Amino acid sequence: MRSLLLAAFVVVRAAAAPASLVAQTRPAAVPPPLGVWTAVAELPGMGRSVDTARVAARRRALLARIGRGVVLIPAAHERELERDYVQDNDFRQNNTFFYFTELETQDAWLLLRAGDAPEAVLFLPDRAPAQERWTGLRLGPDSTAVRLSGISRVLPTDSLDPVLALALARARGPLYLPLDPTTRDEQRFRDIVFSARDVRNVRPTVDSMRLVKDGDEIARLRKATDISGLGHIAAMQAARPGAWEYEIEAALEAAFRRNGADRVGYPSIVGSGPNTTTLHYDVNRRQTRDGDLVVVDAGAEWGQYTADVTRTFPVNGKFTSRQKAIYDLVLATQQAAFDSTRPGVTIAQLNRIARDYMRGHSGTLCGAESCDGYFIHGLSHWLGMDVHDVGDYGTPLKPGMVFTIEPGIYLPAEGLGVRIEDDVLVTANGAEWLSARAPKTTVEIERLMSSRPSRP
Ligand code: GLY
Ligand code: MN
Ligand code: MN
C-alpha cells in the first residue's frame, strides 16, 4: 500500500538530497585503543556472536527477490528513562533489522542495494564516551563493527543521506522500506531525505521469507522452547492449593531467567479455576483452591525468538476423572493435528482435522453440544520472533516452518478450561515437537507433581 504519507516522504527527500553530498561520507573511524578493544565483546547485546554467513544469505535472498532497487531498514530506538519507560536500557531490536543483521544495536540503519553488484552498508551512530559511562560500550562505525557484523562497509549514520542518494541513482529501481504500523518509523522516514520516485513496502517479501526458518533460527527456537519447558516444570512444582496465581507465575519466570531467557515472549498467563476459561487472562492475582485446574500459557524469549507453550495441570497434583476426560480429549485432538502435519498441508486443513477429531470423540462429554463448540479459538499460528509470527496463513507447510498446535475446551459454567499448546517444526516428511520438554500426559504431570517438594 502506498499511502499519502509516503508520497510526502518522497517529496521531502527529493528536495534535499543532492547526490554531490556523497563526497562528505566519512570513512570508518580508527579502531579504539587496546583497552576498549578487549571489552568490545561485552558490548551490550554483542555478547552473542552474529551468524554472519546466515544473515548474509538472508540479505542475498532478499535482494534476489527484489531484483532491482534499494532496501533501507532502521534499527529500533532505545526507550527513554522517564518519558517512555522506567529503565533506559530496556531495548528489543526491530525484528526486520535483526533478521538481516542479528545485531542488537540501537539507532542503526541497514542499506541494501540489489542489482548486478549488490551491496550492504551498515550505518551506526558515532560512539559517545560520556554516554557510555551510563549505557556501557556501544557499537560504533569502526572496524570492530565490521568484524562483528560481517558487513564490510560500516559508516556513521550522518552519512546515510548521501550514500542512500547514490545507491538509488545506481540501482535505478524502487526504494523498499519496512512500513510497519507497529513501529514509529514513519516519523523517522519523514525526517530522512531521499530522492526515490517509487517507494514500496518490503515487509510482505521479508515476512514471507521469515515463514521458513533457517538453521540458526531453528536453533534459537529450540533454546527458547527448552527454557520454556523448564519454566513450565517449575510452575507445576510450585503449585499447591492456596498458592496465588502470581506465585506460580514467579516460579515460572524465575526458571525462565535462571536458564538464560532474555525476557518473556508475551505476558505470562496463569489462570486457575474460573480463570482457565478466559483465553488471554494475565492478571494472575487469584488464590487457587483445592480441585482447581491451572492453565499456564507462557513462553521464554531467547535470542529474539520466542516459544509459546501451554500446560494445564491440577493445582493439587491429581486430575479428577472429569478433568482427565476433558484433558485427554484435548490432548488426542492435538496429536491428531500433529499426525497430519507434513509439507503441503495448510493450517486451515489442520484446523479442520482437529475440529473433526474433537467432534467425533466428544460423546456426551460437553453435554448436548459437541466439545468443539467450546473450542473457541484457532488451532494454530506461526511462531518466530513474534509470538503470532508474520506470514500468510494460506501458505502450504514447508520444511522449516514453525507453528503452534493449541486446541482447548473451555466450559465457563463449570469453571473448567483446558488448553494444551506446543510448538512444531515442519520437517521433510512430517513434523517435530519443539516444546516436548514439559510433561504433557496426565500420567507424566501427576508423576512430576507427586515428587514436588512439600514446600515451595
Ligand atoms: N500465548 C498466546 C497464544 O497462544 O496465542
Ligand atoms: Mn499460541
Ligand atoms: Mn500461547
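Residues numbered from 1 in each chain as written. Chains lettered and ligands numbered in written order. Predicted model: local features only at pLDDT ≥ 70, side-chain atom pairs only at ≥ 80, totals over all residues. Heavy atoms only, no water.

K.L.:
Please explain the coordination of the manganese ion (ligand 2) as it appears in this structure.
P.N.:
Tetrahedral coordination by four donors puts the ideal angle at the metal at 109.5 degrees, and octahedral coordination by six puts it at 90 or 180 degrees. Around the manganese ion (ligand 2), the protein contributes the donor atoms Asp308 (OD), His381 (NE2), Glu406 (OE) and Glu421 (OE), at 2.0 to 2.2 Å from the metal centre. Along the chain, the residues donating to the manganese ion (ligand 2) fall in the pattern D-x72-H-x24-E-x14-E. Separating the manganese ion (ligand 2) from the manganese ion (ligand 3) is a gap of 3.3 Å, bridged by Asp308, which donates to each. Pair noted here: Asp308 is in the loop between strand S11 (305–306) and strand S12 (309–314) and His381 is in the loop between helix H13 (347–360) and strand S13 (402–405), with a separation of 73 residues, a long-range link. Side by side, Asp308 and His381 carry an identical accessibility label, which is buried. (Donors = N, O, S within 2.8 Å, 3.2 Å for Na, K, Ca; no water. Helix = DSSP H or I, 4+ residues; strand = E, 2+ residues; numbered from the N terminus. Buried < 20%, exposed > 50% of the residue type's maximum accessible area, 1.4 Å probe, protein only.)

K.L.:
Sorry if this is basic, but what is going on with the site of ligand 1 here?
P.N.:
Every residue close to ligand 1 is listed here: Tyr266, His280, Asp297, Asp308, His381, His388, Glu406 and Glu421. Contact distances for ligand 1 include 3.1 Å between an oxygen atom and a side-chain N or O atom of Glu406. Considered on its own, ligand 1 offers 190 Å² of accessible surface; in the complex 92% of this is hidden by protein. A per-class count over the shell around ligand 1 returns one nonpolar, three polar and four charged. (Near = heavy atom within 4 Å. Polar contact = N/O pair within 3.5 Å; in protein donor to acceptor, adjacent residues only side chain to side chain. Areas by Shrake-Rupley, 256 points an atom, 1.4 Å probe, with all protein chains shown as cover. Nonpolar A, V, L, I, M, F, W, Y, C, P; charged D, E, K, R; others polar.)

K.L.:
So what exactly am I meant to see when it comes to the coordination of the manganese ion (ligand 3) here?
P.N.:
Within the protein, Asp297 (OD), Asp297 (OD), Asp308 (OD) and Glu421 (OE) serve as the donor atoms for the manganese ion (ligand 3), at 2.1 to 2.4 Å. Coordination at the manganese ion (ligand 3) comes from six donor atoms whose angles at the metal span 56 to 171°, giving a geometry best classed as irregular. Mapping the donors of the manganese ion (ligand 3) onto the primary sequence gives the spacing D-x10-D-x112-E. (Tetrahedral: all angles 85-135°; square planar, octahedral: opposite > 155°, others 65-115°.)

K.L.:
What am I meant to see in helix H12 (residues 321–339) here?
P.N.:
The periodicity of an α-helix, 3.6 residues per turn, causes residues three or four positions apart to be oriented the same way. In a regular helix each residue adds 1.5 Å, so 19 residues correspond to 27 Å; H12 covers 26 Å between its end C-alpha atoms and thus fits that length. Turning to H12, its buried residues are Gln323, Ile326, Tyr327, Leu329, Val330, Leu331, Thr333, Gln334, Ala336, Ala337 and Phe338. (Expected span 1.5 Å × (residues − 1).)

K.L.:
Help me understand the packing of aromatic side chains, please; the structure alone is not making it clear to me.
P.N.:
What characterises a pair of aromatic rings is the spacing of the ring centres plus the angle enclosed by the ring planes. Counted under the stated rule, the structure contains six aromatic pairs. Through a chain of ring-to-ring contacts, three or more aromatic side chains come together here, namely Trp382, Tyr393 and Phe403. We note Arg58 situated over the ring of Tyr99; from NZ or CZ to the ring centre the distance is 4.9 Å. (Phe/Tyr/Trp six-rings, centres within 6.5 Å; stacked < 30°, edge-to-face > 60°. Lys NZ or Arg CZ within 6 Å of the ring centre and 35° of its normal.)

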